[in-house]
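Working through the structure, step by step
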Amino acid sequence: MFDLTLAELARGLQGGEFSSTELTRAYLQRIKTLDARYNSFITVTEEQALAQAEAADAARAAGAGGALCGLPIAHKDLFCTQGVRTSSASKMLDNFVSPYDATIVSRLKTAGSVMLGKLNMDEFAMGSSSESSYYGAVRNPWDSERVPGGSSGGSAAAVAARLTPAATGSDTGGSIRQPAALCGITGLKPTYGRVSRYGMIAFASSLDQAGPMARSAEDCALLLNAMAGFDPLDSTCAERDSENYTAALDQPLTGLKIGLPKEYFSAALDAGVAEQVHNAVAEFEKLGASVKEVSLPNTALCIPAYYILAPAEASSNLSRFDGVRYGYRCAAPVDLEDLYKRSRGEGFGSEVKRRIMVGTYALSAGYYDAYYRKAQQIRRMIQQDFINVLTEVDVIMGPTTPQPAFRLGEKSGDPVAMYMEDIFTLSLNLAGLPGISIPCGQTRGLPVGLQIIGHYFAESRLLNIAHRFQQATDWHSQIPTGVEV
Amino acid sequence: MSLDRSDVEQIAHLARLQIDAADMDAYSNALNRILELVDQMQAVDTTAIQPLAHPLDAVQRLRRDEVSEPNQRDTLLALAPATEAGLFLVPKVIE
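These numbers were taken from a predicted model, which means no experiment stands behind them.

**A word on the overall build of chain A**
Of the regular secondary structure elements, chain A holds 15 helices and 11 strands. On C-alpha atoms alone, chain A measures out to a radius of gyration of 21 Å, which is about the 23 Å that the 2.2 N^0.38 rule sets for 485 residues. Along the three orthogonal principal directions, the C-alpha set of chain A runs to about 65 × 55 × 45 Å. Looking at chain A as a whole, 61% of its 485 residues qualify as buried. Considering only residue pairs separated by 6 or more positions, chain A has 76% of its internal contacts joining residues 24 or more positions apart.

Written out as structure tokens, the structure is:
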């Protein structure tokens, strides 16, 4: 049962092979038994899960129930969940019980899904390894000495270890796609504005986007159907009609034009990763696609531009955590400034403090033009590169990450080494474009991710392309060694 | 340019972050490494390029000036570290 996808579980529930209550109990038991190995959950919501499962079973018996009726999922712990702790993996919010649901949480609830719990992550989604969590590092199910990626590392590890069939994630610079790649699962970052950000704890508001993480493109499409769509509560949510993302999954790929950016295949790319990505591209040619080399000349500049823009937005967003209205407050403050400084100094971890300081510096008087404005100009250049290439080809393909999963502690001492991990993913957030990472092979026993980048609002096409690949190959159904199902 | 210890102390003050004296050198080093990385931008000619603030070049959507939220004062105050008489409590600001 634990190796079934969401789509397969939905058929099982429909056919009466098992009830949602049975399914939910089984997953809760599995989390209890196995998650000590991975540390992927921060909070398990057993009571609520069983209540939701019972309600789903009752709805199904009455001939009602939404598209995800009775299907278990889990949420990254930066999505607000009413009555349940929402920590963003920070000491700052360890005591924060959200008074409301994020829009995607309420939409997935309305569709009938059952919430198993809240998933571990890098603190405030700042990181690429899920080591900076206040609740301890997450471990990769493929090799427990390695990181699952980040920041949605708990989501990716839990799906790969079959502790939940699917999860939500958020992606500001690669936080859905990079952990999906490192854990061998499928993760979609939609176009900026496609999915509501309401109730998602903000990191960098012009870059943040929520998306689905699951075992297949088909499952991601099922989840996106419930998650996407206009929301008046998010002022940057795109005013577009909802789509049915499962409708076009089976379309043939004949005539698909794929661009391979030469900058993504430099000598610095791990040879094993390069080989697997080239094999995947060859598979797409067999499926009827044509391939040509393209150029994204400003690729390397995405890292410096991002590490001004994201910290600048973060320093502003995280100013709300002041020890006054909610969250952590230091003991015995002598005055208001002491209350602010010690609550923030003690409540935030070191990477969060570093980024707040970088952002504060970049926005401080006298430095704005040299840093913030310059980074925004480079952001336009990066966007223009993509727009140019996407007139020549339908989609861009390349590796999701420069290497497979790295060892715990390998990069945590050097923030800049960690930042390089996101070189292929950051630029999509800067441009606001959608991208999906799918498992496309293995090297040295570790999964390799293929990133497929599309034009604005081309999620349906990306899911279709990923689905056809998954119909022709079985990389997405590989089970990590040592994970029993 | 490189930040010295007093620059980093000033930035921490602006950000209202208490940094332990023992950690100050580590933060200075990390910040300087990060600034060295972002300084790669300075070599790029960006003359005449319009800054991009938002990927969709969207405009702020407006709504009618009508009350749409229920009063949740008690729920929200319950989350605060300290309250009194329906207000958030902080150390005395004016003597």
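**Some details on the overall build of chain B**
Within chain B one finds 3 helices and 2 strands. Principal-axis analysis of the C-alpha atoms places the extent of chain B at approximately 55 × 45 × 25 Å. Scored against the burial criterion, the 95 residues of chain B give a buried share of 17%.

**Observations concerning the interface of chain B and chain A**
Size of an interface: often given as the accessible area lost when the parts come together. On the side of chain A, 53 residues touch chain B, which itself brings 40 residues to the contact. Sorting elements by how many residues they give to the side of chain B that touches chain A places helix H2 (residues 24–38) of chain B first, with 7 residues.

**Some thoughts on the nonpolar core**
Residues Ala305 and Met357 of chain A are the most contacted members of the largest nonpolar core, which totals 159 residues. Setting aside residues no more than four positions away along its own chain, Met357 of chain A makes contact with Ile11, Ala12, Ala15, Leu17, Tyr27 and Leu31 of chain B.

**Some thoughts on unusual backbone geometry**
All names here are of chain A. Cis geometry marks the peptide bond from Gly150 to Ser151, where omega comes out at 10°. Along the polypeptide, Ser151 turns up in the loop between strand E3 (114–119) and helix H5 (153–160). The backbone phi angle of Ser88 is positive, close to 50°, even though this residue is not glycine. Its place among the elements puts Ser88 in the loop between strand E2 (72–76) and helix H4 (103–110). A positive phi angle is found at Ala89, which is not glycine, with a value near 55°. Tracing the backbone through its elements, the reader meets Ala89 in the loop between E2 and H4.

**Examining the environment of Arg5 of chain B**
Residues and elements named next belong to chain B. If you trace the backbone, Arg5 turns up in helix H1 (residues 5–14). Among the residues examined, Arg5 registers 12 C-beta atoms within 10 Å and is labelled exposed. Linking Arg5 and Met24, residues 19 residues apart in sequence, is a C-alpha distance of 7.1 Å. The contact partners of Arg5, leaving out residues within four places of it in the chain, are Met24 and Ser28.

**Let's talk about the pairing of strand E11 (residues 446–453) of chain A**
Residue and element names in this part refer to chain A. Summarising burial for E11: 8 of the 8 residues are buried, a large majority. In this structure, strand E9 (residues 395–399) lies alongside E11, joined through 4 bridges in antiparallel fashion. By the bridge assignment for E11, Pro399 is matched with Leu450. Hairpin remark: strand E10 (residues 435–443) followed by E11, antiparallel, with 2 residues in the connecting loop; positive phi at Arg444, about 50°.

**Quick look at helix H12 (residues 368–392) of chain A**
Helix length check: H12 of chain A, at 25 residues, gives a terminal C-alpha distance of 36 Å against a target of 36 Å (1.5 Å per residue), a fit within 8%. Those residues of H12 of chain A not exposed but buried are Tyr371, Lys374, Ala375, Gln376, Gln377, Ile378, Arg379, Ile382, Asp385, Phe386 and Leu390 of chain A. Contacts from the buried residues of H12 of chain A go to helix H9 (302–317), helix H11 (350–363) and helix H14 (426–431) of chain A together with H2 of chain B.

**Concerning the pairing of E9 of chain A**
Residues and elements named next belong to chain A. Within E9, 5 of the 5 residues are buried, leaving the element largely enclosed by the surrounding structure. Examined bridge by bridge, strand E7 (residues 257–261) and E9 share 2 bridges and lie parallel to one another. Residue pairing for E9: Ile258 is matched across the bridge by Val395.

**A short note on the environment of Ala49 of chain A**
Residue and element names in this part refer to chain A. Tracing the chain through its elements places Ala49 in helix H3 (residues 46–61). A sequence separation of 334 residues divides Ala49 from Gln383, and the C-alpha atoms of the two residues are 42 Å apart. With residues up to four places along the chain from it excluded, the contact list for Ala49 reads Thr24, Leu28, Val114, Met115 and Leu116.

**Quick notes on the confidence of the model for chain B**
Looking at chain B, the pLDDT average stands at 92 and 98% of residues meet or exceed 70. Listed scores for the predicted complex are pTM 0.97 and ipTM 0.95.

**Re H4 of chain A**
Residue and element names in this part refer to chain A. Taken together, the buried positions of H4 are occupied by Thr103, Ile104, Val105, Arg107 and Leu108. For H4, the elements touching its buried residues are E2, strand E4 (166–171), strand E6 (209–214) and helix H7 (217–227). Looking one or two places after H4, you find Gly112, whose phi comes out positive at around 100°.

**A closer look at the environment of Thr168 of chain A**
Residue and element names in this part refer to chain A. Note that Thr168 resides in strand E4. In this structure the C-alpha to C-alpha distance between Thr168 and Val485, which are 317 residues apart in sequence, comes to 22 Å. Setting aside chain neighbours within four positions, we find Thr168 in contact with His75, Lys76, Phe79, Ile104, Ser155, Ala210 and Pro212.

Rules used throughout
- Residues numbered from 1 in each chain as written.
- Chains lettered and ligands numbered in written order.
- Predicted model: local features only at pLDDT ≥ 70, side-chain atom pairs only at ≥ 80, totals over all residues.
- Helix = DSSP H or I, 4+ residues; strand = E, 2+ residues; numbered from the N terminus.
- Rg over C-alpha atoms; globule rule 2.2 N^0.38 Å.
- Buried ≥ 20, exposed ≤ 12 C-beta atoms within 10 Å, placed from the backbone.
- Contact = placed C-beta atoms within 7 Å.
- Core = buried A, V, L, I, M, F, W, Y, C linked by C-beta atoms within 7 Å.
- Pairing = 2+ DSSP bridges.
- Expected span 1.5 Å × (residues − 1).
- pLDDT = per-residue confidence, 0-100.

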